[in-house]
Amino acid sequence: MARSFRYYGKKRGNRRTGSSTLGSAGEMLFYAVFLLFGCVSAVALFYLLVIPQWRVSNEFVEHTCIVLQKRIAEEKDQDGTLYRPEFRIKYEIDGVEYFAWTYGIHKVSSSSRKNSQKILGRFTETKDPEHPIEYPCWYDPLNPEKVVLVRGGNWWMWLIAIVPVSFILIGGIGLIYRVLHWGKSAEHQAAMARHATRGDLFDTGNKAAGQFPNVPPGADITNSPGTRLAFRLPIGASPGWKLFGILLACVLWNGIVSVFVVFVAKDHLGGNPDWVLTLFLLPFVVVGIALIVCFIRQLLLTTGVGPTMVEISDHPLVPGRQYRLFVSQAGRLVMNSLCVSLVCEEKATYRQGTDTRTETKKVHDREVYRRDGFEVRRGLPFEDECELLVPEGAMHSFKSDHNEIHWKLVVAGDVAVWPNYKRDFPVVIHPAVGRTDT
Amino acid sequence: MNNPSVTIRLDDNGRVYRPGETLLGEYQLQSVMPGDVKAIEVSVLWYSEGKGDEDMAVHEFRRLSAEDGDWIDPTRPARFDTILPNSPLSYDGVIVKIRWCVRVRVFLHRGKDLVGQKAFQLGDVSAAKVS
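Residues numbered from 1 in each chain as written. Chains lettered and ligands numbered in written order. Predicted model: local features only at pLDDT ≥ 70, side-chain atom pairs only at ≥ 80, totals over all residues. Heavy atoms only, no water.

Re the domain arrangement of chain A
In terms of domain boundaries, chain A breaks down into domain 1 (61-150) and domain 2 (231-237 + 305-427). Taking the mean C-alpha position of each, domain 1 of chain A and domain 2 of chain A sit 75 Å from one another. (Domains from an automatic or database assignment.)

Let's talk about the nonpolar core
Ranked by size, the top nonpolar core spans 73 residues in total, and within it A:Leu409 and B:Phe120 carry the most contacts. Other than its neighbours up to four places away in sequence, A:Leu409 contacts A:Leu233, A:Val310, A:Leu325, A:Val340, A:Ser341, A:Leu342, A:Leu388, A:Arg423, A:Asp424, A:Phe425 and A:Val427. Counting 19 residues, the second largest nonpolar core, distinct from the first, contains A:Tyr91, A:Ile119, A:Cys137 and A:Leu149. (Core = buried A, V, L, I, M, F, W, Y, C linked by side-chain atoms within 4.5 Å. Buried < 20%, exposed > 50% of the residue type's maximum accessible area, 1.4 Å probe, protein only. Contact = heavy atoms within 4.5 Å.)

Considering the environment of A:Val148
Residue and element names in this part refer to chain A. Structurally, Val148 can be placed in strand 5 (residues 143-148). In this structure Val148 comes out as buried when scored by relative accessible area, which is 1%. Here the alpha-carbon distance between Val148 and Val56, two residues 92 residues apart in the chain, equals 8.1 Å. (Helix = DSSP H or I, 4+ residues; strand = E, 2+ residues; numbered from the N terminus.)

Remarks on the interface of chain B and chain A
At the interface, 39 residues of chain B touch 47 residues of chain A. Among the residues of chain B in contact with chain A, B:Lys51, B:Asp53 and B:Asn86 are the three that bury the most area, contributing 19% of the side total. For B:Asp53, the salt bridge is made with A:Arg351, and the minimal N-O distance between the two is 3.6 Å. At the junction of chain B with chain A, the criterion picks out 23 residue pairs in polar contact (both at pLDDT 80 or more). Examining the composition of the side of chain B that touches chain A, we find that 6 residues originate from one element, strand 4 (residues 37-50) of chain B, more than from any other. (Buried area = accessible area lost by both parts, 1.4 Å probe. Salt bridge = Lys/Arg side-chain N within 4 Å of Asp/Glu carboxyl O. Polar contact = N/O pair within 3.5 Å; in protein donor to acceptor, adjacent residues only side chain to side chain.)

Remarks on the packing of aromatic side chains
Residue and element names in this part refer to chain A. Applying the stated criterion to the full structure yields 16 aromatic pairs over all chains. Residues Phe46 and Tyr47 carry aromatic rings whose centres are separated by 6.2 Å and whose planes lie at 85 degrees to one another, so their mutual orientation is edge-to-face. Judged by relative accessible area, which is 43%, Phe46 ranks as partly exposed. The interplanar angle of 20 degrees and the centroid separation of 5.4 Å between the aromatic rings of Tyr91 and Tyr98 together place this pair among those described as stacked. Judged by its relative accessible area of 2%, Tyr91 is buried. Taking relative accessible area as the criterion, Tyr98 reaches 18% and is therefore assigned buried. One aromatic cluster is present, formed by Phe30, Tyr31, Phe34, Phe37 and Phe167 through successive ring pairs. When the ring centre of Trp101 is taken as reference, the NZ or CZ atom of Arg71 above it lies at 3.8 Å. (Phe/Tyr/Trp six-rings, centres within 6.5 Å; stacked < 30°, edge-to-face > 60°. Lys NZ or Arg CZ within 6 Å of the ring centre and 35° of its normal.)

Given below as structure tokens:
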């Protein structure tokens, strides 16, 4: 029997079996605690830092004093010793003498003893009462025992305000969002979100998105005209960036592993081998070598295989229609084969515990062009044209928050005595029906 | 007395709808007394199924609320209509599926909400298989 009130849920992602009311109440409580903490911190900050600072600047009365003693006060904490300058001063108000250890209104310490020493150097003690060295000081008219030698605040104290302000913003925005959505159905919330998205003035893809909701606009695909056909398709991932990524991974991984390898090697050379650490390190070294091999392979591909270009007669594509394709491969290569395929992949993103995972599944892979056994000479790129038929009934390109269907043309080269390569050229397919030419 | 429920019926039930066509239909509440209903929401929406977390977007949303002065008569069928969008089309993929439906949610003064849902197909996209 279904429970009328579920207080727990265990399904994956957004599909949960628990009580949404309790969930929303929990979220509201969470944001309310954030907001409360932020407000309390802000008030405390205001009373402890801002108001005293303001009173010193605006209400304290200027007067004169003499310095009797000076010292560096030390405070020890977990991070080490902190220092602040202190001065014993004497001042007289209405015939009453006051003595105080003071400097600024806030007892601010720093880890730099040198800075405190520098401040001490600015004031000279009065040794001879006959020749007093006077300095300005400011005292509190409500409590003359409260006195300072400097006015003005430390600018960095305002940085502390970032903490309560962050809490107030996170808590406040979260709470407002939750209150606005309180008691509203998932459909009502989705309708509100859609309404909000329509009002986004800065979304350049809005026109296309309005005509074909959830179809990627593909504006970046048609912004480069071709030399033979209408558009030159941009490459999915540049080989240069791939090489950089692999190099970075290779350097980071092997850099860390090499430190341990040096330790282990020293032990072995010193006749005191640590076999447990050696065996533990072995798989990490294997991964490091694999990364080096991967890097060398990518280096050969990037430098040895010249640029691949694909041009198309029209874009976006529509199922059931035929297009012209132009393929160009530069470099100096002996090719066993060169293939162009139209590929469709489904991509699903889901949460599993605290991890976000993405799974990709190829659901369409049709070869549209193939050429076997030919040579590409330097300065004379291989060029050819072919027909591309987008299958009737094919799903259009689609993108939502967690699900995606994307189409691409894949150029695959089988090179003699050289690593094989694949280069992707994304395309956008629009729905076949209801299409309005723009 | 039967449990309260919502029935949704589409005109031309079972046919494939094309983008730009008008979806027409009606919904009726069963075993709901006049005065029991706080609000009714009628949505035409798509949602995803499959491996990924669920995505959902509402194409058409209408809310009738007794508090706002809307006339709600649960004893009589109510009609709805909408012009269907160009995308996304219904799709039966391997790890991504897109479903369209009409969903009627009834908020009662007492007890749980009533939800009725009627699926329909938008477009004629072939089902996918692992390549």
